[in-house]
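Summary of the model geometry
So you can see what is in the structure, the chains are spelled out below.
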Amino acid sequence: MQSELDKVIGALGEFYARETYLLGKDVGERTLTHRLAVHLERRFGGWDVDCDYNRLGDRRLLLPKGSIVSTDDDLGKSVYPDIVVHRRTVPENLLAIEIRKAVNHQPPEHDRHKLRALTDPHLWFAYRIGLFLVLGKNQVAASELYVGGAVERALSGWFEERLKGAGP
C-alpha cells in the first residue's frame, strides 16, 4: 500500500511543480483534478486513471439504499469519485481520490462520507485505498487516508510525513 501512496506523493510533487499557473489562477476544482490525474497516470503503468468515473466494467457504481452518502447524479443513485486508479474491464479498484481546494469553505463531510462508502469492504466495488486531499496553492493543505471504510490514522500520519519530506 505504501508503494502506491509513494506514487501519489510523486505525482503530487510533479503536479505542484508543473501546474503553478493553474494553481495561481484559482481555476475550478475539476481542472485541478484532471491535471493531477494526468500526473498520476504517468506513475501507475498498467492501471487506468479516470476522473468522475462511475462504473466497474458495465455496472454503475451505486450506493446502497438508505446510504447517508449523497450522490452526484440527478437520480441520486450513482457516485462519481473525483479520480480513480482502477482497471476498467476487470473488478479491480485500487485508489479513489476526493479533492477539495483549500479555499472551499463548504464542510468536507460529503467527500469523507463518499470515501468511507467507496472503501467499504462490504460493497462489491470497494476501493483498496481512499484518499482525501485538500489542495492549497503551494502544497497539500490536508489529507486523510481511508481503508476498509474508515480513516486509517497511522497510514494518514505516514502519508502526511512523506508529503512534508517530498517538497513544496
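Coordinates for the structure precede this section.
The paragraphs below set out a description of the structure included in this document. (Residues numbered from 1 in each chain as written. Predicted model: local features only at pLDDT ≥ 70, side-chain atom pairs only at ≥ 80, totals over all residues. Heavy atoms only, no water.)

Observations regarding the overall build of the chain
In terms of regular secondary structure, the chain is built from 5 helices and 8 strands. Reading the chain from its N end, one meets helices and strands in the order α-α-α-β-β-β-β-β-α-β-β-β-α. Within the span of the chain, comprising 168 residues, buried residues form 45% of the whole. Looking at the chain alone, contacts between residues at least 24 apart form 63% of all its contacts between residues at least 6 apart. On the chain, roughly 8600 Å² of surface is accessible, and the fraction owed to carbon and sulfur atoms is 48%. (Helix = DSSP H or I, 4+ residues; strand = E, 2+ residues; numbered from the N terminus. Buried < 20%, exposed > 50% of the residue type's maximum accessible area, 1.4 Å probe, protein only. Contact = heavy atoms within 4.5 Å. Areas by Shrake-Rupley, 256 points an atom, 1.4 Å probe, with all protein chains shown as cover.)

Digging into the packing of aromatic side chains
Summed over all chains, the structure comprises 1 aromatic pair. Plain terms: the ring middles of phenylalanine 15 and tyrosine 16 are 5.2 Å apart, the flat faces sit at 85 degrees to each other, and that makes the pair edge-to-face. Residue classification places phenylalanine 15 among the buried positions, given a relative accessible area of 0%. (Phe/Tyr/Trp six-rings, centres within 6.5 Å; stacked < 30°, edge-to-face > 60°.)

Focus on the side chain of lysine 101
With respect to the helices and strands, lysine 101 occurs in strand E5 (residues 92-101). Excluding its chain neighbours within four sequence positions, the residues that come into contact with lysine 101 are Asp26, Val27, Gly28, Glu29, Leu32, Val134 and Leu135.

Limitation: the analysis is restricted to geometry and does not speak to function.
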